[in-house]
Amino acid sequence: MQVRTFRLFPDGAPIPVEPGWDGPRTLVLAFFASELGVARTTLEALRSAYPGSHLAGASTGGEIVGTSLEDNSIAVAVLHFASTELALGREEVAQIHSSLEAGRRLARHLDHAELKGALLFTSGLAADGADAARGLSQVLGREIPVSGGVAAAAGAGGPTFTLSALPGEPLELGTDQIIGIGFRGRAIRLSSASKGGWSPFGLERRVTRSQGHILYELDGKPALALYRTYLGERARGLPLTASLFPLAILDGRVRGEDPLVRSVQGVDEEAQSLIFGGNIQEGSLVQLMHSSVDRLVEASSQAGASLAPGGAHRGLCLAVSCIARRLVMGERAEEELEALSESLSPSTDLVGFYSHGELSPERSGECLLHNQTMTLTLIQEV
């Protein structure tokens, strides 16, 4: 396996092309500012540079190449495999409630006797990433690792895109699609890790009223009012300041394992409700969480160190971090990339994006949607 990573800007600069790489055993991953999805020109140029390869990616809340974080760019990784076969599929999501079935359909397209793992990228608005991932796991089985992320946009309410193209086909940008890439063969190895760095505090509370991503009541009291109590004067900055206090889902937690985390993405003043980045099950036991920038940075380092070692083999580490996490860290966001990079092997390249949700398998093998984490996928041929 050979890897090349680079960053593109919408300035018309030449695109690096490795001689002999373009072909069906090459995967081009592209993570791009939403504005570039609207404009398309630079993405079209990338497709023209690698017309015979598989192309996949998503729009972002920030693009990662190595230890550098940029906006209004395209983070690119070109993976040229020696023996691994690739399969790429996409499914439209007619409405958000059909995400589970779309995930099942996508899984049936990727399923194969030699399938070793899959990446999943979903729309940030039209699809439910948790249900799409669950659909894949139901069909493929928990022994097949699935990881990835949910497309994002830098501005609140901006369009989010998924990107895909089969060899020889033009690129397709979708605002209502889920994209899957399957890896087949004996040599391919995919390993995952996910760390948050958040700690629960205060009382454990019961979700007494919720619907999908919307939380109405905790212990019979309006959820927004509770958050205002904890935020104090910072409540004026809602919903952004709510990123300081994500919610831990305590149900089903395995001893020694981080709880599932949900981050606030919006508020409804009239309904006194909070809109989260993933489902909040009615009846769940939850607890507020807090952290510091230093602890978030340390968690990213721990995630890199916990990846299954791949020796000196060349690899790509796909990093998907939460856009709400970036908001919390502010100007120090690149520190988590520096800490992560130091924890990886020198033979491993780093590319990724800030997302509306991170997809990673738990110890049980089921792929789950996370918020406020640094989630990693290491791709290698060994």
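Everything in this summary refers to the structure shown in the same document. (Residues numbered from 1 in each chain as written. Predicted model: local features only at pLDDT ≥ 70, side-chain atom pairs only at ≥ 80, totals over all residues. Heavy atoms only, no water.)

1. Here's the deal with the overall build of the protein
Okay, step 1: Within the protein, the regular secondary structure consists of 8 helices and 27 strands.
Okay, step 2: Whereas a compact globule of 382 residues would reach a radius of gyration of roughly 21 Å, the protein reaches 20 Å, a difference of no more than 12%.
Okay, step 3: Referenced to the eigenvectors of the C-alpha coordinate spread, the extents of the protein come out at roughly 60 × 45 × 40 Å.
Okay, step 4: Relative to its full complement of 382 residues, the protein shows a buried share of 57%.
Okay, step 5: In the protein, the proportion of contacts linking residues at least 24 apart, taken out of those at least 6 apart, comes to 81%. (Helix = DSSP H or I, 4+ residues; strand = E, 2+ residues; numbered from the N terminus. Rg over C-alpha atoms; globule rule 2.2 N^0.38 Å. Buried < 20%, exposed > 50% of the residue type's maximum accessible area, 1.4 Å probe, protein only. Contact = heavy atoms within 4.5 Å.)

2. Thoughts on the sheet that holds strand S8 (residues 115–122)
Okay, step 1: The 6 strands lie next to each other as S7-S12-S8-S9-S25-S26, forming an open sheet whose pairing is mixed. Edge positions in the sheet fall to strand S7 (85–92) and strand S26 (367–370), since each has one partner strand and no second. Averaged over all pairs of adjacent strands, the angle between strand axes in this sheet comes to 15 degrees, irrespective of strand direction.
Okay, step 2: Of the pairings in the sheet, the one linking S8 to strand S9 (residues 146–150) comprises 5 bridges and is parallel in character. Paired with threonine 122 across the bridge in S9 is valine 150.
Okay, step 3: Lying on the sheet, helix H3 (residues 99–110) is in contact with S7, S8 and strand S12 (177–184); it crosses S7 at an angle near 155 degrees.
Okay, step 4: The strands touched by helix H4 (residues 129–140) are S8, S9, S12, strand S25 (357–361) and S26; relative to S8, the strand with the most contacts, the crossing angle is about 160 degrees. (Pairing = 2+ DSSP bridges. Axes fitted to C-alpha atoms, helices over the stretch in contact; angles between N-to-C directions.)

3. A word on the packing of aromatic side chains
Centre distance and the angle of the planes are the two values used to describe a pair of aromatic rings.
Okay, step 1: Counted under the stated rule, the structure contains 7 aromatic pairs.
Okay, step 2: Ring geometry for phenylalanine 31 and phenylalanine 353: centres 4.7 Å apart, planes at 15 degrees, overall stacked. Taken together, the positions of phenylalanine 31 in strand S2 (residues 26–33) and phenylalanine 353 in strand S24 (residues 348–355) put the pair 322 residues apart, joining distant regions of the chain. The pair formed by phenylalanine 31 and phenylalanine 353 is uniform in burial state, with each residue classed as buried.
Okay, step 3: Ring plane angle 65 degrees and centroid distance 6.3 Å describe the contact between phenylalanine 121 and phenylalanine 353, whose orientation is recorded as edge-to-face. Within this pair, whereas phenylalanine 121 is found in strand S8, its partner phenylalanine 353 is found in strand S24, the two being separated by 232 residues in sequence. Phenylalanine 353 matches phenylalanine 121 in its accessibility class, with the two residues each being buried. (Phe/Tyr/Trp six-rings, centres within 6.5 Å; stacked < 30°, edge-to-face > 60°.)

That's the geometry; what it means functionally is another story.
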